[in-house]
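# A look at the structure
Each chain is listed here by its residues.
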Amino acid sequence: MQSLKHYFSDRSFRNSFLVGVALLLLSLTAQFFASGYANRSVSGSVTDIILSNTRVYDVDNFFIYGTLLAFAFVVYVCLSKPRCIPFIVKSIAIFTLIRAIFITLTHINKFPLHVSIESAFFQETLFRGIFTGGGLFFSGHTGLPFMLALIFWKDRKLRYIFLGFSAFFATVVLLGHLHYSIDVFSAFFITYSILHICIFLFKKDWNLFHKEEPVP
């Protein structure tokens, strides 16, 4: 709490945080509408070298509670390391905004056989448009934890925890046929580029957190 008070008592830090929150709200809204557009414009499905050769597994609970656990863990990390908050919030916002742009470009339907996410929490709220909408490319569940792993690369424990989350979600969405394999594997390469865009755009926030340590 003392650390939080210290940082949020600084006007520059507060302003940076508020800018990040505004960007995040904008990006989530953009992804919600982008997912709706992708759903309305959806075409047929395609074959996939992995999905076409594996059966569907019931990963509903892993997907739902894994998402909630990952979200809670990110909040915990931010509260325990408050100087990272502005950069983390802004990076998630840019990640989400770029993904929203990607999913408006191509509107391939989900693989014919896939698990249905039936939780009311996801189906009847804004989360449907954010986490379970029609936009498939690229996998946000895979890419976002990977970006956090890169951000916390110098912290070995957090690096492996976030890499674990990324591998976990990559496996879950493939076993549930929720994403095509290209959505999952491309996420790692796209996410690496997004991180460097964020470092360029928010260098002051990056330096505050990392003290100008080398980029991973």
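Quick summary incoming for the structure in this document. The structure presented is a predicted model; accordingly, all values stated were derived computationally and were not measured.

### Considering the overall build of the protein chain
When helices and strands are tallied, the protein chain shows ten helices and zero strands. Mapped from its N terminus to its C terminus, the protein chain presents α and β elements in the order α-α-α-α-α-α-α-α-α-α. Residues counted as buried form 46% of the 216 residues belonging to the protein chain. Pairs at least 24 apart in sequence give 85% of the contacts found in the protein chain among residues at least 6 apart. Taken as a whole, the protein chain presents about 11,400 Å² of accessible surface, with 66% of it coming from carbon and sulfur.

### Some remarks on the nonpolar core
In terms of nonpolar packing, the biggest core is built from 37 residues, with Phe-87, Ile-88, Ile-151, Phe-152, Phe-162, Ile-194 and Leu-195 touching the most fellow members. Secondary structure elements with two or more residues in this core: helix 1 (2-8), helix 3 (60-80), helix 4 (85-103), helix 7 (140-151), helix 8 (156-175), helix 9 (181-201) and helix 10 (203-210). At eight residues, the largest contribution of residues to this core is made by helix 4. Contact partners of Ile-194, with chain neighbours within four places excluded, come to Ile-94, Phe-95, Ile-98, Phe-138 and Met-147. Counting 15 residues, the second largest nonpolar core, distinct from the first, contains Val-59, Leu-136, Leu-174 and Tyr-180.

### Points about the state of the cysteines
Applying the stated rule across the entire model yields zero disulfides. Not engaged in a disulfide, the cysteine Cys-78 finds its nearest cysteine sulfur in Cys-84; these two sulfurs lie 4.3 Å apart.

### Looking at the packing of aromatic side chains
Inspection of the entire model under this criterion finds 19 aromatic pairs. Here Phe-8 and Phe-13 contribute two aromatic rings whose centre-to-centre distance is 5.1 Å and whose plane-to-plane angle is 85 degrees, an arrangement assigned as edge-to-face. The class of Phe-8 is partly exposed, set by a relative accessible area of 26%. Three or more aromatic residues joined by ring pairs make a cluster, and in this case those are Phe-62, Phe-73, Tyr-76, Phe-152, Phe-162, Phe-165, Phe-168, Phe-169 and Phe-209. Between the NZ or CZ atom of Arg-159 and the centre of the ring of Tyr-160, over which it lies, the distance is 5.2 Å.

### Quick look at helix 3
Note: α-helices contain 3.6 residues per turn, so residues at a spacing of three or four share the same orientation. With 21 residues, helix 3 extends 30 Å from end C-alpha to end C-alpha; this agrees with the ideal 30 Å at 1.5 Å per step. All of the buried residues along helix 3 are Asp-60, Phe-63, Ile-64, Gly-66, Thr-67, Ala-70, Val-74, Val-77 and Cys-78.

### Describing the side chain of Ser-186
Considering the arrangement of structural elements, one finds Ser-186 in helix 9. Apart from residues lying up to four places away in sequence, Ser-186 is in contact with Phe-137 and Phe-138.

The rules behind the values
Residues numbered from 1 in each chain as written. Predicted model: local features only at pLDDT ≥ 70, side-chain atom pairs only at ≥ 80, totals over all residues. Heavy atoms only, no water. Helix = DSSP H or I, 4+ residues; strand = E, 2+ residues; numbered from the N terminus. Buried < 20%, exposed > 50% of the residue type's maximum accessible area, 1.4 Å probe, protein only. Contact = heavy atoms within 4.5 Å. Areas by Shrake-Rupley, 256 points an atom, 1.4 Å probe, with all protein chains shown as cover. Core = buried A, V, L, I, M, F, W, Y, C linked by side-chain atoms within 4.5 Å. Disulfide = S-S within 2.5 Å. Phe/Tyr/Trp six-rings, centres within 6.5 Å; stacked < 30°, edge-to-face > 60°. Lys NZ or Arg CZ within 6 Å of the ring centre and 35° of its normal. Expected span 1.5 Å × (residues − 1).

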